[in-house]
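Descriptive structure summary
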Amino acid sequence: MNLTELTLTELRTVLQNGETSSVAATQAMLDRIVAQDNDIKSYLTITDELALEQAAAADKRIANGDESPLLGVPIAVKDIIATKGVPTTAGSKILEGFIPPYDAFVVEKLKEAGAVILGKTNTDEFAMGSSTENSGYFTTHNPWDLERVPGGSSGGSAAAVAANMAYAALGTDTGGSVRQPASFCGVVGLRPTYGRMSRWGVVAFASSLDQVGTFGRTVADCTALFQATTGYDKRDSTSLDVPVEDFTAALTGDIKGLKVGVPKEYFIEGMDGEVETAVRTAIAKLEELGAEIREISLPHTEYALPVYYLIAPAEASANLARYDGIRYGPRIEGADMIDSVKQTRALFGPEPKRRIMLGTYALSAGYYDEYYGRALKVRTLIKNDFQTAFEQVDVIACPTSPTTAFKIGERVDDPLSMYLADIFTLSLNLSASCGLSVPCGFDSKGLPIGLQLIGNTLQEAMILNAAYAYEKSTNWNLNL
Ligand code: GLN
């Protein structure tokens, strides 16, 4: 039995049957990280000793009859999520060496569930990017083609799961950062409804858009991690106090009569022809499985990109004001206090600097109403588009990304072309929907393509089940 090739669900079965131990699975993952991660570079920090301690503790719980669904399972955590006693950098030099004194809510939940934390994965600095090339440390490589990006900003998590260096992983999705790297790396990535997963302990980028999400090699695996880490948390004022359904039980694979909308605005010029073919074929498959397909319209789609790039930088410019060398991370001593703050803030890389400037400008007196205020109004129009659509259909199906993984270096000097990588994922964050990416084929270069399924507010169970039904009818996820 090659432990690293098992899915999370399969690992749980063999752990429970006593065919292997969590210590063995954790060691197998750590060995694989040593063997593969020099090339892929998905981890910023590997917590090997802690992981083996957690695994030994999980083995004891299993021996005592505990059957918690994540018990003993090695998981990776995006480095923007606080881990007590373990460095958390958000991919930025401005947080180099920062060791949080507490765990994020989702990490508390992982620990309660008895999961094993393998380490912290690479991210674009403060999750600003679509390729991990904006990481202050190094670029992560796509396991399918090392010359290509894994997507971003949760590229480290997606690559680690795709390359069997974690059974599942946590990421965050502010504008597509779980779904787009899932699509580029050929794994499943879920971005739940805003407020489903507590943001307590998640380094803030754009607070009205940020949301934790989960990656797995299969829909069931992605669901298992979501199930274990979601829930109400009073420390996050935007956390939704709603019941946690049994999402795993909802994976019936039955989608007969499910109304699936295909938004005409998502099949645009400039989209890769092979992506379009794969996504249209996947939609036909959903129909074969019993879904009813109809064309819908999300008329304000074209405004999502400019609206997002006003709102996200505006919120970021406020959130990033706290990095002054006084409270967190490194401090560079200057001639006086102002000089110290200036020199310390120079540790931000180019992308956060660009966004702080954009955001500060958009919020400044005289421009506030014209830019930020108008963006908020158009955000409402985008939100309304989704509400109207969900009066007609249950689920929306479209591509996750207009292209497959691009080459490292290809877009990094052209911010606009990088921003365009998220053209199909941004709208969801501006609305109150949830969404996921599930593998739906390969292009002629052998690179994975993702199908995006979008659900109405709190309809995670429905989109996960639709993805599950689709996945069962194909074997795209088993090709790595
Ligand atoms: N690529 C988008 C950005 O750079 C989205 C990032 C994210 O979802 N964190 O803002």
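The following paragraphs examine the structure supplied in this document. (Residues numbered from 1 in each chain as written. Predicted model: local features only at pLDDT ≥ 70, side-chain atom pairs only at ≥ 80, totals over all residues. Heavy atoms only, no water.)

Inspection of the region around the ligand gives 15 residues, with Gly175, Ser177, Tyr308, Arg355 and Asp422 positioned closest. The backbone of Gly175 places a nitrogen or oxygen atom 2.6 Å from an oxygen atom of the ligand. At 2.6 Å from an oxygen atom of the ligand is found a side-chain nitrogen or oxygen belonging to Ser177. Counting atoms within 2 Å of the grid points, the majority share of the ligand lands in the largest cavity. Here the shell around the ligand is built from residues that sort into 5 nonpolar, 7 polar and 3 charged. (Near = heavy atom within 4 Å. Polar contact = N/O pair within 3.5 Å; in protein donor to acceptor, adjacent residues only side chain to side chain. 1 Å grid on protein atoms, 1.4 Å probe; cavity = no way out; pocket = protein on both sides within 12 Å on 5 of 7 lines; lining within 4 Å. Sits in = over half its atoms within 2 Å of the grid points. Nonpolar A, V, L, I, M, F, W, Y, C, P; charged D, E, K, R; others polar.)

One open sheet holds the 11 strands; their spatial order is E1-E3-E2-E4-E6-E5-E10-E11-E9-E7-E8, and the pairing between them is mixed. On the outer flanks of this sheet lie strand E1 (43–46) and strand E8 (292–296), each paired with one strand and no other. Between one strand axis and the next, the sheet turns through 25° on average, direction left out of account. Judged from the 3 bridges that link them, E1 and strand E3 (residues 116–121) form a sheet pairing that is antiparallel. (Pairing = 2+ DSSP bridges. Helix = DSSP H or I, 4+ residues; strand = E, 2+ residues; numbered from the N terminus. Axes fitted to C-alpha atoms, helices over the stretch in contact; angles between N-to-C directions.)

The full count for this structure, using the stated rule, is 0 disulfides. Considering cysteine sulfurs only, Cys222 is the nearest to Cys185, which forms no disulfide, with 14 Å between them. Its sulfur unpaired, Cys440 is 11 Å from the next cysteine sulfur, which belongs to Cys398. (Disulfide = S-S within 2.5 Å.)

A word on the packing of helix H2 (residues 22–40) against helix H3 (residues 48–63). Angle between the axes and distance between the axes: these two values describe a pair of packed helices. Contact geometry of H2 with H3 gives a least axis separation of 8 Å together with a crossing angle of 155°. With respect to their mutual orientation, H2 and H3 come out roughly antiparallel. Taken as a pair, H2 and H3 cross one another with a handedness that is right-handed. Between H2 and H3, the residues in contact are Ser22, Val23, Thr26, Gln27 and Leu30 and Asp48, Ala51, Leu52, Ala55, Ala56, Ala58 and Asp59, respectively. Along the lines of polarity and charge, the residues of the contact of H2 with H3 split into 7 nonpolar, 3 polar and 2 charged. (Parallel < 35°, antiparallel > 145°, perpendicular 65-115°, else oblique. Left-handed = near helix turned anticlockwise from the far one by under 90°. Contact = heavy atoms within 4.5 Å.)

Looking now at the pairing of E3. Burial of E3 is extensive: 6 of the 6 residues sit out of reach of the surface. Here 5 bridges tie strand E2 (residues 74–78) to E3, and the two strands are oriented parallel to one another. The residue of E3 that forms the bridge with Ala76 is Gly119. Handedness of the β-α-β unit built from E2, helix H4 (residues 105–113) and E3 comes out right-handed. (Buried < 20%, exposed > 50% of the residue type's maximum accessible area, 1.4 Å probe, protein only. Right-handed = clockwise from strand over helix to strand, strands pointing away.)

Positionally, Glu460 belongs in helix H15 (residues 460–472). Beyond its immediate stretch of four places on either side in the chain, Glu460 contacts Leu190, Pro192, Thr193, Arg196, Phe226, Phe247 and Cys434.

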